[in-house]
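Each chain, letter by letter, is given below.
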Amino acid sequence: MPGAVVPSSLILLTGASGFLAVHIATQLLERGFRVRGTVRSADKGAFLDALIAKSEHAANWSWVIVEDVEREGAFDEAVKGVDGIAHTASPFHFNVTDPYKDLINPAVNGTVNILKSALTEPKVKRVVITSSFAAVVNPEKPVYKFTEADWNHFSIKEVEEKGTECDAFHSYRASKTLAEKAAWKFVDDHTKDGVPPFDIATINPPLIFGPVLHDIKSASALNTSVGAFYAYLTGAKKPDEAMTALGGYIDVRDVARLHIDALSTEAAGGKRFIASSGSWYYQLGLDVMHKPENADLLAQFPKAIEGHPHATAPVQNILDASRARDMFSWTPIPLEKTFVDMAQSLAERQTQWGDK
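Residues numbered from 1 in each chain as written. Predicted model: local features only at pLDDT ≥ 70, side-chain atom pairs only at ≥ 80, totals over all residues. Heavy atoms only, no water.

S.K.: I would appreciate a short explanation of the sheet that holds strand β9 (residues 248-251) in the present structure.
M.R.: Note on sheets: strands pair through backbone hydrogen bonds, and any given pair is parallel or antiparallel. Within the open sheet, the 3 strands sit side by side as β8-β9-β11. Their pairing is mixed. Each end of this open sheet is capped by a strand with a single partner; those strands are β8 (207-209) and β11 (278-279). Summarising the sheet, β9 and β11 pair through 2 bridges and their orientation is antiparallel. Bridge pairing in β11 places G248 opposite S279. (Pairing = 2+ DSSP bridges. Helix = DSSP H or I, 4+ residues; strand = E, 2+ residues; numbered from the N terminus.)

What follows is the structure, encoded as structure tokens:
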């Protein structure tokens, strides 16, 4: 039966070794849930074991290997006995040769497969899916306020018309839109007499930043948004790029918290949630880094660019996150904390990578 899950429930977390998912795992454990993560390899699982071993909640953590999320029945064993699911496993990159093979099929098939597997476990009450603002926005003229009622139709049309010639940007956005649409359709198709076998909610964040906890061997393996900021810190970006309007941003710890709130709040079932802390362009993060009080931290990145401090903010559309703020009594983590904490984690990692 659909509904919220309560602490002590067993939650399946897909893609558990990812940037966002590691934060979801640690917060689930802190809030009293038991967590079973899916990883692609034993090495990823071992890293998470070592990370979570530092917690007093380590006994409530376990993992299973799911090598290929597109394989039929990939999650059938993993879902056994779980009460809820947080599905984060989906590609986020722009290395695209074929939009369908590289992005759309993995995103859609992975989402449908987790829902198919959820049908085999009667205990499952709710599935929370990591979607994206990419599934919401269209190229509207500023200033347009996007809400959960909006869907990205433009990127889907771009892929349909251009095929392998479609740019990676719209290929990614189409993958997120089609995967989320497939999830809502799946639940509709399996609803009988007005009652679904379980309900779903989606979290739709824009660019995600914050401290890096997951296992990465080099800077090139950073997730796209954090990797771009690191490129500014290492001087690999041009100053003018920092003024490009990019929609919105959010702290990874907030996104993790909202996934858990959506799992555990009765009224969240059947809803989408835009999760944005505010409008974003990279100059905002650079301005934080160049504050006098952050001089010692900035010194860890001697090639960091300054960009265009105090420049006029670009005009851009708005992501309305009032539904998430109101339902979950959510106040976003301050921007300065997000970027200071992230930069500190990157300073620690770059020593390991030998980038300093």
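Next comes the rest of the account.
S.K.: Please explain the pairing of strand β4 (residues 84-87) as it appears in this structure.
M.R.: One face of the sheet, then the other: side chains in a regular strand alternate in exactly this way. Of the two faces of β4, both are covered, the one formed by G84 and A86 as well as the one formed by I85 and H87. In this structure, strand β1 (residues 10-14) lies alongside β4, joined through 4 bridges in parallel fashion. Directly across from L13, in β4, lies its bridge partner A86. Both β4 and strand β5 (residues 126-130) contribute to a ladder of 4 bridges, which runs parallel. (Buried < 20%, exposed > 50% of the residue type's maximum accessible area, 1.4 Å probe, protein only.)

S.K.: Please explain the nonpolar core as it appears in this structure.
M.R.: For soluble globular proteins, nonpolar side chains are generally found buried alongside one another. Grouped together as the largest cluster of nonpolar side chains are 76 residues, with contacts concentrated most on F209, L222, F229, Y282, F301, F339 and L346. Residue contacts for F339: discarding those within four places in its chain leaves F209, F229, Y249, W280, G285, V288 and M289. Among the nonpolar cores identified, the runner-up in size contains 34 residues, and A78, V79, A118 and I129 belong to it. (Core = buried A, V, L, I, M, F, W, Y, C linked by side-chain atoms within 4.5 Å. Contact = heavy atoms within 4.5 Å.)

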